Amino acid sequence: MNILRAEHLGMCFGVRDAIELAMQTAATQPLTVLGNLVHNETVLARLRAQGIQFQNEATAVTTPQVMITAHGASERKLAETRARGLTVLEATCPLVHLAHRSLKKLVGEGFHPVIIGKRDHVEVRGMTEDLHEFDVVLDEHDVANLRERPSFGVIAQTTQPIERVRQLAQRIRERWPNSEARFVDTVCQPTKQRQHAAVELAKNSDVVVVIGGNQSNNTRELVQTCGLFCSRVHHVQTVADLREEWFQPDDNVGITAGTSTPDSVINEVEHQLRELASRLITSAGSESEPNFVRDLMPTTFNQR
Ligand code: SF4
């Protein structure tokens, strides 16, 4: 059984920096995070153990300081939070800030804003709460329901699959050929790298294990993407979710993980798979040594 690790996987710099900022701050003063700092229960449990509190609404906050997550927030929400006398610490990812600025520019130039993403996702709410009029689209049905406008300014939630985003931007152009449609690509580079690496991984694997929280949007997107190229894809939150019956001794097993999955969780899953590979080889009576790591991604392995 070969274990393949995607060339790009796991926690992105935006989430990593936000967690570090929360930990550093909580070491000296009480801190409440507004919303989920990261869609991963393992990490959240570690942060709670450091005394960090989590609330969805500023009205429920009892510490003098609150943190905005890497997903960002609207100006309106920031102002409302400060108006309650709370000190706001912003851990908004710079690439989310970039998406906000791109949207503001489009609106300033008179384009009707269209965001490709999930309407209820915290990042999309942060982008749209300051706007009077906007549309959020996730599929072709949503595009078909758009009202005609002289011009559309199209951006994306940073964690949407770039192929879907390009396709929907193109659909908007086709649906309203007489309107101007300007598309600004705001899908972040770490998401693109993980999606691209997941495709390569799935093409070279008999079975793929995607590691990430159940609430993680980009983890679910990775599961979907891998499913297009590999028929056996399993989503696990932690090593406890792995099932031996998913694997055969001669399988190429790919591992990838969402942008909120910590290295420790990925390493535990990989370690367990290596042990399983060893057991399967032994029980199959093979005299050959298991080839755990294929040459496909030697750099990635050497870096760990
Ligand atoms: S997924 Fe992208 S935009 Fe979101 S925190 Fe990570 S790097 Fe930033």
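Quick look at the structure, then. A quick note: this is a predicted structure, and the numbers were derived from the prediction, not measured. (Residues numbered from 1 in each chain as written. Predicted model: local features only at pLDDT ≥ 70, side-chain atom pairs only at ≥ 80, totals over all residues. Heavy atoms only, no water.)

Looking now at the overall build of the chain. When helices and strands are tallied, the chain shows 11 helices and 12 strands. A compact globule built from 304 residues would reach a C-alpha radius of gyration of about 19 Å, and the chain, at 22 Å, matches this within 12%. For the chain, the spread of C-alpha atoms along the principal axes amounts to about 70 × 55 × 30 Å. Approximately 14,600 Å² of the chain is accessible, and the part contributed by carbon and sulfur atoms is 47%. Side chains of the chain give 32 positive and 38 negative charges; the mean places of these two sets differ by 5 Å. (Helix = DSSP H or I, 4+ residues; strand = E, 2+ residues; numbered from the N terminus. Rg over C-alpha atoms; globule rule 2.2 N^0.38 Å. Areas by Shrake-Rupley, 256 points an atom, 1.4 Å probe, with all protein chains shown as cover. Lys, Arg positive; Asp, Glu negative; His and termini not counted. Charge placed at Lys NZ, Arg CZ, Asp CG, Glu CD.)

One pass over the full model with this rule turns up 16 salt bridges. Arg48 is the salt-bridge partner of Glu41, the closest N and O atoms lying 3.8 Å from each other. Note on Glu41: relative accessible area 49%, which makes it partly exposed. Taking the relative accessible area as the measure of exposure, Arg48 reaches 42% and is therefore partly exposed. (Salt bridge = Lys/Arg side-chain N within 4 Å of Asp/Glu carboxyl O. Buried < 20%, exposed > 50% of the residue type's maximum accessible area, 1.4 Å probe, protein only.)

So, on to the state of the cysteines. A complete count under the given rule lists 0 disulfides for this structure. Cysteine Cys226 remains unbridged, with the sulfur of Cys230 as its closest cysteine sulfur at 7.5 Å. (Disulfide = S-S within 2.5 Å.)

Residues Met1, Val209, Ile211, Leu242, Phe247, Val253 and Leu273 are the most contacted members of the largest nonpolar core, which totals 31 residues. For this core, the secondary-structure elements that each account for two or more residues are strand S1 (2-5), helix H8 (189-203), strand S10 (207-211), helix H9 (217-227), strand S12 (252-257) and helix H10 (263-283). At 7 residues, the largest contribution of residues to this core is made by H10. Among the nonpolar cores identified, the runner-up in size contains 22 residues, and Val43, Leu44, Ile52 and Leu89 belong to it. (Core = buried A, V, L, I, M, F, W, Y, C linked by side-chain atoms within 4.5 Å.)

Its place among the elements puts Thr92 in the loop between strand S5 (87-90) and helix H4 (94-108). Beyond its immediate chain neighbours, meaning those up to four positions away, Thr92 contacts Ile68, Thr69, Ala70, Gly72 and His97. (Contact = heavy atoms within 4.5 Å.)

What follows covers the environment of Met127. By secondary structure assignment, the location of Met127 is in helix H5 (residues 122-128). According to the relative accessible area criterion, Met127 is buried, its value standing at 3%. Along the chain, Met127 and Glu41 lie 86 residues apart, while their C-alpha atoms are 25 Å from each other.

Before going further, it helps to spend a moment on the site of the ligand. As a structural note, the neighbourhood of the ligand is formed by Cys12, Phe13, Gly14, Val15, Cys93, Leu95, Val96, Thr158, Thr159, Cys188, Pro190 and Thr191. Counting residues per element, the ones that place at least two in the shell around the ligand are helix H1 (13-26), H4 and H8. Looking at the shell around the ligand, the element that brings in the most residues is H1, giving 3 residues. Of the residues that constitute the shell around the ligand, the class distribution is 8 nonpolar, 4 polar and no charged. (Near = heavy atom within 4 Å. Nonpolar A, V, L, I, M, F, W, Y, C, P; charged D, E, K, R; others polar.)

The next thing to look at is the sheet that holds strand S6 (residues 112-116). Strand pairing in a sheet relies on backbone hydrogen bonds. The paired strands run either parallel or antiparallel. If you walk across this open sheet you meet the 4 strands as S7-S6-S8-S9, and the pairing is parallel. Each edge of the open sheet is held by one strand with a lone partner, namely strand S7 (135-137) and strand S9 (180-183). Neighbouring strand axes in the sheet, compared pairwise and without regard to direction, differ in orientation by 25° on average. In the sheet, strand S8 (residues 151-156) pairs with S9 via 4 bridges, with the strands oriented parallel. Note on S9: the bridge partner recorded for Val154 is Phe183. H4 rests against S6, S8 and S9 of the sheet, and its axis sits at about 180° to S8. Packed on one face of the sheet, helix H7 (residues 162-175) meets S6, S8 and S9 and runs near 165° to S9. (Pairing = 2+ DSSP bridges. Axes fitted to C-alpha atoms, helices over the stretch in contact; angles between N-to-C directions.)

Scanning the model with the defined rule gives 1 aromatic pair in all. Where Trp246 meets Phe247, the ring centres are 6.1 Å apart and the plane angle is 65°; that geometry is what we call edge-to-face. Relative accessible area serves as the criterion here: at 4%, Phe247 is assigned to the buried category. The ring centre of Trp176 lies 4.1 Å from the NZ or CZ of Arg175, which sits over that ring. (Phe/Tyr/Trp six-rings, centres within 6.5 Å; stacked < 30°, edge-to-face > 60°. Lys NZ or Arg CZ within 6 Å of the ring centre and 35° of its normal.)

Moving on: the sheet that holds strand S4 (residues 65-68). Read from one edge to the other, the open sheet built from 4 strands follows the order S3-S2-S4-S5, with strand pairing classed as parallel. Among the strands making up the open sheet, the edge pair consists of strand S3 (53-55) and S5. Across the sheet, the mean angle from the axis of one strand to that of its neighbour is 30°, orientation sign disregarded. Judged from the 4 bridges that link them, S4 and S5 form a sheet pairing that is parallel. Across the sheet, Met67 pairs through a bridge with Leu89, a residue of S5.

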